[in-house]
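# A structural walkthrough
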Amino acid sequence: MSLQHALLTSIVEKPCSGYDLARRFDKSIGYFWHATHQQIYRELARMEEQGWVSSSEVEGGRAGKKRFDILPAGRMELQRWAAESAAPMRLRDDMLVRLRADAAVGPLGLTGELERRLALHEQELATYRAIEQRDFSRQPLSREAEIHYLILKAGISFEEGRVQWTKEALAILQKKQPPAR
């Protein structure tokens, strides 16, 4: 996936200024696709050059503030990209290699890093649970809201899995090893 497609999706959902888009991005798509505000502005300029979005001055806004709208070519690009086949994401985590090294050469003192990561996963899980309570407690949900909830549940499942796995890894690393014979 490219940042351009994430931005096209956000603009289709709600046309807005680059600043507002960056803020919205941080609170939604940014949970699973990270981008700095500088990257977002750079991609918006490229997308405008490609004819995917247009910008117009915001009346009553600060000087130079632009509102971005999707153009037919941008909508077609988003549809083309969404319909193409892609390989599922593969797990890539340096901690797994560190654990292999620990298994091969002996204790490397990884518990502190694992505890730090556990706290981060627990914090992210708490954030997702708060979003779930705030945004999805009322039923019935629209189709759009059901899809948004499905995406949130993917994040919840991921964080729950990482919390469980990290606790298991800590338990194994903290076991007392029998003396060598």
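In this text, all values refer to a predicted model and were calculated from it rather than measured experimentally.

Cut-offs applied
- Residues numbered from 1 in each chain as written.
- Predicted model: local features only at pLDDT ≥ 70, side-chain atom pairs only at ≥ 80, totals over all residues.
- Heavy atoms only, no water.
- Helix = DSSP H or I, 4+ residues; strand = E, 2+ residues; numbered from the N terminus.
- Polar contact = N/O pair within 3.5 Å; in protein donor to acceptor, adjacent residues only side chain to side chain.
- Contact = heavy atoms within 4.5 Å.
- Buried < 20%, exposed > 50% of the residue type's maximum accessible area, 1.4 Å probe, protein only.
- Pairing = 2+ DSSP bridges.
- Expected span 1.5 Å × (residues − 1).
- Arc of directions from axis to C-beta.
- Axes fitted to C-alpha atoms, helices over the stretch in contact; angles between N-to-C directions.
- Parallel < 35°, antiparallel > 145°, perpendicular 65-115°, else oblique.
- Nonpolar A, V, L, I, M, F, W, Y, C, P; charged D, E, K, R; others polar.
- Core = buried A, V, L, I, M, F, W, Y, C linked by side-chain atoms within 4.5 Å.

Position of S17 relative to the elements: it lies in strand β1 (residues 16-17). Looking at S17, its side chain comes within polar contact range of the main-chain nitrogen of D20, at 3.0 Å. Setting aside its immediate chain neighbours within four residues, S17 contacts K65, K66, R67 and F68.

Turning our eyes to something else, we now look at the environment of S56. By secondary structure assignment, the location of S56 is in strand β2 (residues 53-57). Classification of S56 by relative accessible area gives partly exposed; the value is 35%. Between the C-alpha atom of S56 and that of F68, which follows or precedes it by 12 residues, the distance is 6.8 Å. Not counting residues up to four positions away in its chain, the partners in contact with S56 are K65, K66 and R67.

So, about unusual backbone geometry. Residue P140 follows Q139 across a cis peptide bond; omega there is -5 degrees. Along the polypeptide, P140 turns up in the loop between α6 (111-136) and α7 (143-173).

Moving on: the pairing of strand β3 (residues 66-70). On any regular strand, side chains alternate: one points to one face of the sheet, the next to the other face. Where β1 lies against β3, two bridges are found, and the strand directions are antiparallel. Residue C16 lies in a different strand from β3, and its bridge partner there is F68. Bridging between β2 and β3 involves five bridges; their strand directions are antiparallel. Paired with S56 across the strands is R67, a residue of β3.

This brings us to helix α4 (residues 72-83). Look at α4: 17 Å from first C-alpha to last across 12 residues, which is about the 16 Å you get at 1.5 Å a residue. Taken together, the buried positions of α4 are occupied by G74, E77 and L78. The arc that holds the buried residues of α4, viewed along the axis, is 100 degrees, so those residues lie on one side. Facing away from the buried side of α4, by more than 90 degrees, are the exposed residues P72, M76, Q79 and A83. Tucked into the core, α4 has its buried residues touching α1 (3-13) and β3.

A few words now on the packing of α1 against helix α3 (residues 37-49). Contact pair α1 / α3: the axes reach a minimum separation of 10 Å and the direction vectors enclose 85 degrees. Comparing the axis directions of α1 and α3 gives the class roughly perpendicular. Contacts from L3, Q4, L7, L8 and I11 of α1 reach α3 at Q39, I40, E43, L44, R46 and M47. Among the residues making up the contact of α1 with α3, the classes are represented as seven nonpolar, two polar and two charged.

As a rule of thumb, nonpolar side chains are buried together in soluble globular proteins. L7, L8, I11, L21, F25, I40 and M47 are the most contacted members of the largest nonpolar core, which totals 19 residues. Those elements that provide at least two residues to this core are α1, α2 (18-27), α3 and β3. Broken down by element, the residue count for this core peaks at five residues, all from α1. Contacts of M47, omitting those with residues within four sequence positions, involve Q4, L7, L8, I11, W52 and V53. By size, the runner-up hydrophobic cluster in this structure holds nine residues, among which are L125, I131, A145 and L152.

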